[in-house]
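The primary structure of each chain is shown beneath.
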Amino acid sequence: MERGGSSASRSLFPTGPSFTLEDFSNKDFIVRDFVDSLAETAVPASRRSGPANQIFDPKPLIRTFENALSQLGALGEELQEKESELLSQVRRAEIQHDQTLETLGRKLDQSMSQFEALDLTLNNNASSNGSIRGYGSGTDGGGNIAVQIGEKLEELDRKRRKAQDANFLIQCWTEVSETGQLTSLEEIQRQGGAENKIRCAVIARQLMRISQRLDPASWGQQTNGLRGNGVTNGVTGTNRRHNTREALEKFSELLEQDLLKQFNNSYRRQNFDDMMECAKVLLDFNGGASVIAAFVNQHQFFIDRDQLITDEVTADGDTWEQLADPDSEPPGVEPSLQSLIDEVKIVMQEESFIIKRAFPYYETVLIKFIQRVFQQSIQQRLEMVLDKATTISALAFLRCLHSSRAYIGALVEDLKTHGLTEHPEPCSAQIAQTLDQQLEELFIPYLVGNGYIDREKKSLEEMYNSLLFKFTLYHSRRKKAPTGFMASLAQQGTQLISSAKDAYMERLESSDLTPTQKRTMLRVAGIRDDSSNKNDIEVSEQDGILSVAYAKRMIGWLAESVRRTLEMGSSSETPKDVNILLNLLLTSMGQVYVETALDAALDLATSQENTRTEPDLSYLPNIRPAVTITNLMSRFITTVLIRLAESNTTIRRSMEAQTKLAIEATEKKTNAVMRSTMDVALNYIPKLLSQQKKLDFRPKDDDLEGLVDTLQTAPCQMICSFLSQRVAVLARQAVDGHNLEMFCSELALAVHRLLFEHFKKFQVNATGGLMVTKDVAKYVSTLREWPLTREVEGMVEVLTEVGYLFIIQPEALKERSRNLGDGKGGGVGGGGGVNQGGLVGGKRLNKADFKAFVLKREDAGGAGVQSVLAGL
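As annotated in an unreviewed UniProt entry, the chain is Exocyst complex component Sec10-like protein from Triangularia verruculosa. UniProt annotates the chain under Sequence similarities (unreviewed entry) with the comment "Belongs to the SEC10 family."

Chemist: Teacher, can you tell me more about the overall build of the chain here?
Modeler: Regarding its fold elements, the chain presents 33 helices and two strands. Within the chain, the fraction of its 872 residues that count as buried is 42%.

Chemist: What's the story with helix 27 (residues 714–734) in this structure? I'm lost.
Modeler: Helix length check: helix 27 (21 residues) gives 29 Å between terminal C-alpha atoms against 30 Å at 1.5 Å per residue, within 8%. The largest bend in helix 27 amounts to roughly 30° and is located at L723. Three or more residues of helix 27 are buried, namely P715, C716, I719, C720, F722, L723, V727, A728, L730, A731 and A734. Residues of helix 27 that are buried sit in contact with helix 24 (623–644), helix 25 (649–689), helix 28 (737–759) and helix 29 (766–784).

Chemist: Looking at this model, I keep getting lost on the side chain of T677. Mind explaining?
Modeler: As for its placement among the helices and strands, T677 is situated in helix 25. In terms of polar contacts, T677 uses its side chain to reach the backbone carbonyl oxygen of V673, at 2.7 Å. Leave out the neighbours within four places in its chain, and T677 touches A605, L617, Y619, L620 and F743.

Chemist: Help me understand the pattern of salt bridges in this model?
Modeler: Think of it this way: side chains of opposite charge can pair up when their charged atoms draw near. The tally for this structure, following the rule as stated, stands at 30 salt bridges. A salt bridge links R399 to E560, with the nearest nitrogen and oxygen atoms 2.7 Å apart. Of this pair, R399 sits in helix 16 (residues 394–418) while E560 sits in helix 22 (residues 548–568), and the two are 161 residues apart along the sequence. Each of R399, E456, E560 and R564 takes part in a single network of salt bridges with overlapping partners.

Chemist: Help me out: how do you make sense of the nonpolar core in this one?
Modeler: One recurring pattern in soluble globular proteins is that nonpolar side chains are buried together. Judged by nonpolar contacts, the single largest core of 107 residues is most densely connected at L585, L641, L747 and W786. It is helix 23 (residues 574–606) that contributes the most residues to this core, 15 residues altogether. For L747, the residues in contact, after removing those within four places along its chain, are M678, A681, L682, V727 and W786. Core analysis: the second largest hydrophobic core is formed by 86 residues, C278, V313, V373 and L420 among them.

Chemist: Please clarify how the packing of helix 31 (residues 810–817) against helix 33 (residues 863–870) should be interpreted in this entry.
Modeler: Each pair of packed helices gets described by two things: the angle between the helix axes and the distance between those axes. Relative to each other, helix 31 and helix 33 sit at 10°, their axes nearing to 9 Å. It follows that helix 31 is roughly parallel to helix 33 by the angle criterion. Mapping the contact onto sequence places P810, L813, K814 and S817 in helix 31 and G864, V865 and V868 in helix 33. Counted by class, the contact of helix 31 with helix 33 contains four nonpolar, two polar and one charged residues.

Chemist: Would you explain the UniProt feature "coiled-coil region" (unreviewed entry) in the chain in this entry?
Modeler: In the UniProt entry, the feature "coiled-coil region" (unreviewed entry) is given for residues 65–96. Taken as a whole, residues 65–96 contains 100% helix and 0% strand, while its terminal C-alpha atoms sit 46 Å from one another.

Chemist: Whenever I open this one, the environment of C200 confuses me. Can you help?
Modeler: Relative to the helices and strands, C200 is located in helix 8 (residues 194–214). Once the C-alpha coordinates of C200 and Q189 are considered, the two residues, 11 residues apart in sequence, prove to be 6.6 Å apart. Excluding residues that lie within four positions of it along the chain, C200 makes contacts with L185, I188, Q189, F251 and L255.

Chemist: Is there a simple way to explain the packing of helix 22 against helix 23 in this structure?
Modeler: Two elements in contact, helix 22 and helix 23, have axes separated by 11 Å at closest approach and are oriented at 170°. With respect to helix 23, the axis of helix 22 lies roughly antiparallel. Across from Y550, A551, M554, I555, L558, S561, V562, T565 and L566 in helix 22, the residues of helix 23 making contact are T574, D577, L581, L585, S588, M589 and Y593. Of the residues belonging to the contact of helix 22 with helix 23, the class tally is 11 nonpolar, four polar and one charged.

Chemist: Looking at this structure, I do not really get the packing of aromatic side chains. What am I missing?
Modeler: What describes a pair of aromatic rings is the distance from one ring centre to the other and the angle between the planes of the rings. Overall, the coordinates contain 15 aromatic pairs when judged by the stated rule. Consider the rings of F471 and Y593, whose centres lie 4.8 Å apart with planes at 65°: the pair is edge-to-face. Of this pair, F471 sits in helix 19 (residues 469–479) while Y593 sits in helix 23, and the two are 122 residues apart along the sequence. Relative to F759, the ring of F697 has its centre 6.0 Å away and its plane inclined at 50°; by these criteria the two rings are tilted. Pair noted here: F697 is in the loop between helix 25 and helix 26 (704–709) and F759 is in helix 28, with a separation of 62 residues, a long-range link. For the pair F697 and F759, one class covers both residues: buried. Members of the aromatic cluster, joined through ring pairs, are F263, Y267, F295, F359, Y361 and F369.

Chemist: What exactly am I supposed to notice about unusual backbone geometry here?
Modeler: Trans is the prevailing form of peptide bonds, just as negative phi is the prevailing case for residues other than glycine. Of note, the amide linkage connecting H423 to P424 takes the cis form, showing an omega dihedral of 10°. If you trace the backbone, P424 turns up in the loop between helix 16 and helix 17 (429–447). For Q270, which is not glycine, the phi dihedral falls at a positive 60°. Mapped onto the elements, Q270 comes out in the loop between helix 9 (244–268) and helix 10 (272–286). The phi dihedral of L420 falls on the positive side, at around 55°, and the residue is not glycine. Within the secondary structure layout, L420 lies in the loop between helix 16 and helix 17.

Chemist: I would appreciate a short explanation of the confidence of the model for the chain in the present structure.
Modeler: As a note on interpretation, predicted positions should not be read in detail where pLDDT is low. Per-residue pLDDT for the chain has a mean of 81; in total, 83% of the residues score no lower than 70. The secondary structure element of the chain with the lowest average pLDDT is helix 1 (residues 2–9), at 40, and the one with the highest is helix 24, at 96. Taken as a whole, residues 129–140 scores under 50 in pLDDT and shows 10 contacts with residues more than four places along the chain or in a different chain. Taken together, the stretch residues 225–239 has pLDDT below 50 and engages in 18 contacts with residues farther than four places along the chain or on a different chain.

Chemist: For this particular structure, what's the right way to read a nonpolar patch on the surface?
Modeler: On the surface, a cluster of nonpolar side chains totalling about 230 Å² of accessible area is made up of V31, V35 and F65. Position of V31 among the secondary structure elements: in helix 3 (residues 31–42).

Chemist: Can you walk me through the side chain of R564 in this structure?
Modeler: Of note, R564 is situated in helix 22. Side-chain polar atoms of R564 contact the side chain of E456, separated by 2.8 Å. Apart from residues no more than four positions distant in its own chain, R564 is found in contact with L395, L398, R399, H402, Y452 and E456.

Chemist: Can you walk me through the environment of K261 in this structure?
Modeler: As for its placement among the helices and strands, K261 is situated in helix 9. K261 gets classed as exposed once you look at its relative accessible area, which sits at 57%.

Rules used in this analysis
- Along every chain, residues carry numbers that run from 1 in the direction the sequence is written.
- Totals for whole chains, interfaces and linings use all residues, but because this is a predicted model, local features are given only for residues with pLDDT of at least 70 and pairs of side-chain atoms are given and counted only at 80 or more.
- Computation of side-chain values: all heavy atoms of the structure, hydrogens and water removed.
- UniProt positions are given in the numbering used here, feature names are shortened, and annotations may be inferred rather than shown by experiment.
- A run of H or I in DSSP counts as a helix once it spans at least four residues, and a run of E counts as a strand once it spans at least two, with each numbered from the N terminus.
- The cut-offs for exposure are 20% and 50% of the maximum accessible area for each residue type, with area from a 1.4 Å probe on protein chains only; residues under the lower value are buried, those over the upper are exposed, and the others partly exposed.
- Helix span, expected: 1.5 Å multiplied by one less than the number of residues in the helix.
- The term bend refers to the angle at a residue between two fitted axes, each drawn through seven residues, those ending there and those starting there.
- Should any heavy atoms of two residues lie within 4.5 Å, those residues are counted as being in contact.
- Counted as a polar contact is a pair of N or O atoms within 3.5 Å, where, for protein atoms, one must be capable of donating a hydrogen and the other of accepting one, and residues adjacent in sequence contribute only when both atoms are in side chains.
- Definition used for salt bridges: Asp or Glu carboxyl oxygen within 4 Å of a side-chain nitrogen of Lys or Arg.
- Grouping buried Ala, Val, Leu, Ile, Met, Phe, Trp, Tyr and Cys residues that are joined through side-chain atoms within 4.5 Å yields what is termed a nonpolar core.
- Only C-alpha atoms enter the line fits that serve as axes; for helices the fit covers just the stretch in contact. Angles between N-to-C directions range over 0 to 180 degrees.
- When an angle is under 35 degrees it counts as roughly parallel; over 145 it counts as roughly antiparallel; between 65 and 115 it counts as roughly perpendicular; any other value is oblique.
- Basically, the charged four are Asp, Glu, Lys and Arg, the nonpolar ten are Ala, Val, Leu, Ile, Met, Phe, Trp, Tyr, Cys and Pro, and anything else, Gly included, counts as polar.
- What counts as a ring pair is set by centres within 6.5 Å for rings of Phe, Tyr and Trp (its six-membered ring), and what kind of pair is set by the plane angle: stacked under 30 degrees, edge-to-face over 60, tilted for all other angles.
- Values of pLDDT, ranging from 0 to 100, describe the predictor's confidence in every residue of the model.
- Residues with no salt bridge and a relative accessible area higher than 30% make up the patches, which join like charges within 9 Å and nonpolar side chains (Val, Leu, Ile, Met, Phe, Trp, Tyr) within 5 Å.
- For the area figures, the Shrake-Rupley method with a 1.4 Å probe applies, and any residue is considered shielded solely by the protein chains shown.

Okay, structure coming up:
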């Protein structure tokens, strides 16, 4: 039984796995893995390791899954119970929450109602004028009562403090007058703190006033007499033996020194709040003058710069040479001054930040700081630089002054833009005005009156006289030559070149001329240092010729001067200044340079009008640079100088009138030179024509072979050579365009008239007609090479007809006689000039000229020619 019972109690199949809710709560739970584990536990291990062909038995799996389902069902019921319990708890919590919200809402409504009632009560009572009836009188007057109580309390507190201050003041006066000590005041000072120090400063000032009133003896004043027991000024007291003024001044001095020491210590530690407190106390104590002076005077920037103020100007010799050289670009601001200004910019920007945080009256402090920087550091260095520049040359001084002002002006604009204490906004109007004022005061000594423009004018005159020295020296010597060159120059021009030459020599020999400036003047003039005697200076023909490059240098120097004047001077003075520079330009470039060369050319031309030899026209090429220089000068005056004077109508009109007169004078002299040149040529051509032999156009028959090889007669060759190789070539070098066309047309017309009259003088045979034709062809080809007007070109072509008249047969003469003009309007030989009056009908021979030429034919007496003449 026992054995059977034991076997019955043991299950035939293994029990399935058991599991709880925690197994399914794991986040790593996977259903597939769970089912696989159930399947593995359902099959016994012995059967899992059996043969592969074993028959599948589903019963263990069924029993295992049934067991799992029963357990899962139990777990589901357990979960359902827990969920029902939790839902009931949530419903109870929501009911309790709703009750709490309702209770709080009622309490809030009650509070708001009470507040509105209180507010309404206060507003009603504030609008009424009822008096205080009691502290517990309900809502009637509650708000008004509170306000009035506050005012009463504040008034009582002020009276209390005033009484305490008065009591303490009397106590301090008693101490200082009876014992000469300020024990109570010193005790407050030792407590420290800005408020206590301010109180000490205020009380010290009050005690000073009391001392002046009650102790006049300490202030060296006579009393109004003593009455009774030492009544002084109506105040009863005893005779005091202590000098209250000394005691108070000593205390004030110690208090001030203490505050200044504290301020300096705070400055080193960059404790701006403490610096602000000290500055406030000292402001109440003595207006802040001592702390401002301490801050500015003891600034490290001024200490370091004071030690460096004796340093030499750092620019090297090449830089100063460049400054003194008018043809070199200015090198800019002097390095030591530039370094100072760059440092000032940084220091001003950094210190303005400190000043604003350390001083309640920061603008006043900044103004003092700016004044000290400009009036001490910058001004001292600027004076050193300008003093050094003065020892170099006048131009070096002007360039240094200009570059320094431009650089310092840029500093002022940068500081304004930075804003300083107002950074990043622009600085205030007061600070901007201070900066502008300091900049102006730096340069007033150099710009006052006409001092600056006089320096510019003097510098330009020296450079112009140096550049034109050889030119003026050459023409002054040429004036004395026995050929009479320069003999007809105007007296004014003679005086101008003489004064320019003498001014240069006087300046060169001046004792106040610096070595650098002397070297510059000699270099610009192109002479050696040992040529101190002007009679030893050698000049050549080239020195007396105009140079456009020289003129450009002169205008470049003037442009630089105008720029400096414009930037340095005031706008109201600009018209007057540029007018001064205009007069200098018209005198130096217009009269001394251009007009002198034109006068010399005119004199040389007029001196050759009656010459018997070939005239020297080498002066003609000098006309073109004269015209070019005049155009450059006129354009610069119109574009620059006159425009700068537009603000002053009177000066502008005066400048325009001066310029017009100067240009017209140059044009008149240029025209005179060209006219005289034409006269010289037209006077020389008849001399060559007079060398024409009578037999040149009536050769003998035995000379026929020689005539075939002869191209032209000798006079024709000389005239054409003179016109083409001398006159035309040099005229093209002198003028161009319309001017050249007019000159050549007028000259060609005059030559045309001379040739017409010339061929009327000679008898021509049949063989000589060939020579006439060759000469005429040469004349025409020579004149055709010139730029002529259409009318003159047509008249030149008529010369060809003249040649034909001597070689064609009488029948052809008759045909040509039908196309003749009637001889009105001047005709070909009408004697007109380039003007159109002499060209009317000039493209055809008139009857008179036709007859005159035909009568010079050797067969003019024949029947054929006579019939042609009879038919005219």
